[in-house]
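The primary structure of each chain is shown beneath.
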Amino acid sequence: MYTITVAGNLSIIITYKLSPSLHTPMYFLLSSFSMLEILYVSCTVPQMLSGLLSECKVISFYSCAIQMYCFLLFAGTECYMLAAMAYDRYNAICHPLLYTVIMNETVCIQHVVGSYIIGAANALIHTAFTFSMSFCGPNEIDHFFCDVPPVLELSCQDIWVNELVIFVIGGCVVIGSCVVTIISYVEIISNILKLHSVSGRRKTFATCSSHFIVVTVFYGSAIFMYFIPRSSHRIGQNSVVSLMYTVIAPLLNPFIYSLRNKEVKSNMKNIILR
């Protein structure tokens, strides 16, 4: 699954670079998102695979902190990249005549850079608060990577401040970007319903439904993990839910965006033939 995820997202990036016809805001954001997915999945899955193949499932204290920062950096960035892609589809469908003006190259770069800045700030805050705690008890994490909630469970201090930070800062990042995405899709759906052409509706729905699948899997599982009370989680449930937004969502991306997109498939075929 890891190999397929990396290869699939890499194929989207290569197709974008070698196909001048795909040099549009939509595919620029898609290629940037594919690069993000490769980085995102690579900060957790290799360590997990190493643990599955080894009797000694160990990660050092500082490596744990680095892994947490990288994971939160790319996860926070993905939240706003998904929102940027939804905003791009909103402008393409609701403001087609002004689309190239609104989503020009500078604006697209600003969306990508801004997403990384938000992700970096979010990761720094959570990692700093988590590793400023005292750890004097057990050192075994009930998880397959160093995520915030499992690491906090090892602390021998009261973690209510950390939980408040998760709800406030994490809420601004996850819920805030989710609201932007939902608003974009509400506007898109309302405009689609106004179309008189049945084929036009079908084509537009097909373009947006793939994006919506990735958004639902990613946001749904992330909200459950971070914003549902810990007391309601069953043993082993956290790992299963985390797999949805750390492994399954990045795996779906190349299949949904390339195999369901005729333009991408056509350009991939031309590149292979050349």
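All of these numbers come straight from a predicted model, not from anything done at the bench.

(A) Geometry of the overall build of the chain. A count of helices and strands for the chain gives 11 helices and 0 strands. Walking the chain from its N terminus toward its C terminus, one meets helices and strands in the order α-α-α-α-α-α-α-α-α-α-α. Computed over its C-alpha atoms, the radius of gyration of the chain comes to 20 Å, within 12% of the 19 Å expected for a compact globule of 274 residues. Each of the three principal axes of the chain carries a C-alpha extent, and together these read 65 × 40 × 35 Å. The contacts of the chain with a sequence gap of at least 6 include a subset with a gap of at least 24, amounting to 77%. Element-wise, carbon and sulfur atoms account for 69% of the exposed surface of the chain, whose accessible area totals about 14000 Å². In the chain, which carries 14 positive and 13 negative side-chain charges, the distance between the mean positions of the two groups comes to 20 Å.

(B) Representation of the packing of helix α1 (residues 2-18) against helix α2 (residues 25-42) in the model. α2 packs onto α1 with a crossing angle of 155° between their chain directions and a minimal axis gap of 9 Å. Compared by their axis directions, α1 and α2 come out roughly antiparallel. In the crossing of α1 with α2, the sense of the turn from one axis to the other is left-handed. Of the residues in α2, those touching α1 at Tyr2, Thr5, Val6, Asn9, Leu10, Ile12, Ile13 and Tyr16 are Tyr27, Phe28, Leu30, Ser31, Ser34, Met35, Glu37, Ile38, Val41 and Ser42. A per-class count over the contact of α1 with α2 returns 12 nonpolar, 5 polar and 1 charged.

(C) Quick look at the nonpolar core. The biggest cluster of nonpolar side chains holds 62 residues, and the ones touching the most others in it are Phe33, Phe71, Phe218, Tyr219, Tyr226 and Tyr245. The element best represented in this core is helix α4 (residues 61-94), accounting for 12 residues. With 6 residues, the next largest nonpolar core counts Tyr90, Tyr185, Ile188 and Ile192 among its residues.

(D) A look at helix α3 (residues 45-53). Turning to α3, its buried residues number three or more, namely Val45, Met48 and Gly51. Buried residues in α3, looked at end-on, bunch into an arc of 120°, giving them a common side.

(E) Geometry of the state of the cysteines. Scanning all chains against the criterion turns up 2 disulfides. Across the disulfide from Cys64 sits Cys146; the S-S distance is 2.1 Å. Its torsion about the S-S bond being -120°, the disulfide of Cys64 and Cys146 is classed as left-handed. Of this pair, Cys64 sits in helix α4 while Cys146 sits in the loop between α6 (105-131) and α7 (148-152), and the two are 82 residues apart along the sequence. Taking relative accessible area as the criterion, Cys64 reaches 6% and is therefore assigned buried. The buried category is assigned to Cys146, whose relative accessible area is 1%. Note on cysteine connectivity: Cys136 is disulfide-linked to Cys156, with sulfurs 2.1 Å apart. One end of the pair, Cys136, is in the loop between α6 and α7; the other, Cys156, is in the loop between α7 and α8 (160-192), and 20 residues separate them in sequence. For Cys156, a relative accessible area of 41% translates into the label partly exposed. Each disulfide of the chain joins two cysteines, and with those cysteines numbered along the sequence the arrangement is 1-3, 2-4.

(F) Molecular detail of the side chain of Asp88. Along the chain, Asp88 turns up in helix α4. Judged by its relative accessible area of 1%, Asp88 is buried. Once residues lying within four places of it in the same chain are set aside, the contact partners of Asp88 are Pro25, Met26, Leu29, Tyr99 and Met103.

Rules behind the numbers
- Residues numbered from 1 in each chain as written.
- Predicted model: local features only at pLDDT ≥ 70, side-chain atom pairs only at ≥ 80, totals over all residues.
- Heavy atoms only, no water.
- Helix = DSSP H or I, 4+ residues; strand = E, 2+ residues; numbered from the N terminus.
- Rg over C-alpha atoms; globule rule 2.2 N^0.38 Å.
- Contact = heavy atoms within 4.5 Å.
- Areas by Shrake-Rupley, 256 points an atom, 1.4 Å probe, with all protein chains shown as cover.
- Lys, Arg positive; Asp, Glu negative; His and termini not counted.
- Charge placed at Lys NZ, Arg CZ, Asp CG, Glu CD.
- Axes fitted to C-alpha atoms, helices over the stretch in contact; angles between N-to-C directions.
- Parallel < 35°, antiparallel > 145°, perpendicular 65-115°, else oblique.
- Left-handed = near helix turned anticlockwise from the far one by under 90°.
- Nonpolar A, V, L, I, M, F, W, Y, C, P; charged D, E, K, R; others polar.
- Core = buried A, V, L, I, M, F, W, Y, C linked by side-chain atoms within 4.5 Å.
- Buried < 20%, exposed > 50% of the residue type's maximum accessible area, 1.4 Å probe, protein only.
- Arc of directions from axis to C-beta.
- Disulfide = S-S within 2.5 Å.

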